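Here is what each chain is made of, one letter per residue.
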Amino acid sequence: MKFATWNVNSLAVRLPQLLDWLAANPVDALVLQETKLTDDKFPTLEIGEAGYQVQWFGQKTYNGVALLSKVAARDVVKNITGYADEQARLIAGTVATAAGDVRVIGGYFPNGQALDSDKFVYKMAWLDGLRAWLATELKTHDKLVLMGDFNIAPEDRDCYDPAAFVGQTHTSPQERAHFQALIDLGLTDAYRMFEQPPKSYSWWDYRMLGFQKNKGLRIDHILVSAGLKPLVTACTIDRQMRKLPKPSDHAPVIVTLGD
DNA sequence: ATGGTAGAATGTCTA
């Protein structure tokens, strides 16, 4: 069983890469972020022909998320219940797997832009809303996976130059406290369950040869509930995708449960 | 050193 997350940075541009990736990497469920498509433009036909059911939630120009699954997702929720949001940033559904029902949640967490920005205030409020809603989701879903672009590098080792990020977003104590609060709900960072290569990142800036110099951040995460954790056997970042022509600035992250 | 690239959209914002 596999679940994955990928910030595609425009599904219109990345659709051929997505279809190739799915053919090579069959998954039970995949969440996408930054589809940047209104719902009427969503490529349902192509994804269906690839053998996946899909739920989508988009808006014009920015944001937009989707949930692909082999089996149709049930009880689909768009955005955080209890947190009014103008932006399309979260989609959740229950997916039947060999291990039983799994609640799959895909999120495109706010970027925050700068610590003194209104967008950072929004990021903090969004994270408060997420935590409150997740607490209730966990009461009814023993097996839950929260995946997506968190826009938070949880530890210094998840940032290519922690000193350079002091005073900026993604590594701030406030953001890391929010990440820890999600962990404290009973979730586990699947990537850190295993020994991983040093300087492992999931995002690299398009500018200044970020990928070539491996100047990246690990901000795309897969958190598993206590009911799923014993099943997790691997978690990897598919950095090969960042090497392709016209890449997304993010690489997919994949978790394997069981064989 | 405050640049640089990519995407949506066609101004300029977001990342």
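Only a predicted model underlies this, so the values are computations on that prediction, with no experimental measurement involved. (Residues numbered from 1 in each chain as written. Chains lettered and ligands numbered in written order. Predicted model: local features only at pLDDT ≥ 70, side-chain atom pairs only at ≥ 80, totals over all residues. Heavy atoms only, no water.)

For this particular structure, what's the right way to read the UniProt feature "domain: Endonuclease/exonuclease/phosphatase" (unreviewed entry) in chain A?
In this numbering, the UniProt entry assigns the feature "domain: Endonuclease/exonuclease/phosphatase" (unreviewed entry) to residues 4–250. The distance from the first to the last C-alpha atom of residues 4–250 is 13 Å, and the span holds 24% helix and 26% strand. (UniProt positions renumbered as here; feature names shortened; annotations may be inferred. Helix = DSSP H or I, 4+ residues; strand = E, 2+ residues; numbered from the N terminus.)

Can you walk me through the nonpolar core in this structure?
Generally speaking, nonpolar side chains in soluble globular proteins are found buried as a group. One finds Phe 3, Val 104, Val 145, Ile 222 and Val 255 to be the most contacted residues of the largest nonpolar core, which totals 31 residues. Put simply, the parts of the chain that give this core at least two residues each are β2 (29–33), β4 (65–69), β6 (90–97), β7 (100–108), β8 (144–149), β12 (220–224), β13 (232–237) and β14 (253–257). Apart from residues lying up to four places away in sequence, Phe 3 is in contact with Asp 28, Ala 29, Thr 97, Val 102, Val 104, Val 145, Met 147, Ile 222, Val 253, Ile 254, Val 255 and Leu 257. Membership of the second largest hydrophobic core comes to 24 residues, among which are Phe 109, Tyr 122, Leu 130 and Leu 182. (Core = buried A, V, L, I, M, F, W, Y, C linked by side-chain atoms within 4.5 Å. Buried < 20%, exposed > 50% of the residue type's maximum accessible area, 1.4 Å probe, protein only. Contact = heavy atoms within 4.5 Å.)

Quick question: what am I supposed to make of the environment of Lys 123 here?
Tracing the chain through its elements places Lys 123 in helix α3 (residues 118–140). Its relative accessible area of 0% is what places Lys 123 among the buried residues. Residues Lys 123 and Pro 110, 13 residues apart in the sequence, show an inter-C-alpha distance of 5.1 Å. Excluding residues within four positions of it along the chain, Lys 123 makes contact with Pro 110, Asn 111, Gly 112, Phe 150, Asn 151, Ile 152, His 170 and Glu 175.

Would you explain helix α1 (residues 11–24) in this entry?
Because an α-helix packs 3.6 residues into every turn, residues spaced three or four apart end up facing the same way. Helix length check: α1, at 14 residues, gives a terminal C-alpha distance of 18 Å against a target of 20 Å (1.5 Å per residue), a fit within 8%. Where α1 bends most, the angle comes to about 35°, and this point is Gln 17. Here α1 has its buried residues at Leu 11, Arg 14, Leu 15, Gln 17, Leu 18, Trp 21 and Leu 22. Tucked into the core, α1 has its buried residues touching β1 (2–7), β2, α2 (44–49), β4 and β14. (Expected span 1.5 Å × (residues − 1). Bend = angle between axes of the 7 residues up to and from the residue.)

In this structure, what is going on with the packing of aromatic side chains? I would like to understand it.
Each aromatic ring pair is described using two quantities: the centre-to-centre distance and the angle formed by the ring planes. A complete count under the given rule lists six aromatic pairs for this structure. A ring pair is formed by Phe 42 and Trp 56, whose centres lie 5.0 Å apart and whose planes are at 10°; its orientation type is stacked. Here the residue Phe 42 occupies a position in the loop between β2 and α2, and Trp 56 occupies one in strand β3 (residues 53–57), the gap between them amounting to 14 residues. In this structure Phe 42 comes out as buried when scored by relative accessible area, which is 7%. Taking 4.9 Å as the distance between ring centres and 90° as the angle between the ring planes, the aromatic pair formed by Trp 204 and Phe 211 counts as edge-to-face. With a relative accessible area of 0%, Trp 204 lands in the buried category. (Phe/Tyr/Trp six-rings, centres within 6.5 Å; stacked < 30°, edge-to-face > 60°.)

Please explain the sheet that holds β13 as it appears in this structure.
Strand pairing in a sheet takes place through backbone hydrogen bonds and is either antiparallel or parallel in direction. As summarised here, the arrangement of the six strands in space is β3-β4-β2-β1-β14-β13, forming an open sheet in which the pairing is mixed. The outermost strands of the open sheet, each flanked by one partner alone, are β3 and β13. Direction aside, neighbouring strands of the sheet carry axes that sit 10° apart on average. Two elements, β2 and β4, share five bridges in a ladder whose sense is antiparallel. In the sheet register, Val 31 faces β4, and the bridge partner there is Leu 67. Its contacts with the sheet place α1 against β1, β2, β4 and β14, and it is angled at close to 160° to β2. (Pairing = 2+ DSSP bridges. Axes fitted to C-alpha atoms, helices over the stretch in contact; angles between N-to-C directions.)

Is there a simple way to think about the protein's contact with DNA strand B in this case?
Of all residues adjacent to DNA strand B, which total 16 residues, the nearest are Ser 10, Arg 14, Asn 111, Arg 207 and Lys 246. Protein-adjacent atoms of DNA strand B, using a 4 Å cutoff, are sugar or phosphate at a proportion of 68%. At a separation of 3.0 Å, a phosphate oxygen of DNA strand B approaches a polar side-chain atom of Arg 14. Split by residue class, the surface near DNA strand B holds five nonpolar, four polar and seven charged. (Near = heavy atom within 4 Å. Polar contact = N/O pair within 3.5 Å; in protein donor to acceptor, adjacent residues only side chain to side chain. Nonpolar A, V, L, I, M, F, W, Y, C, P; charged D, E, K, R; others polar.)

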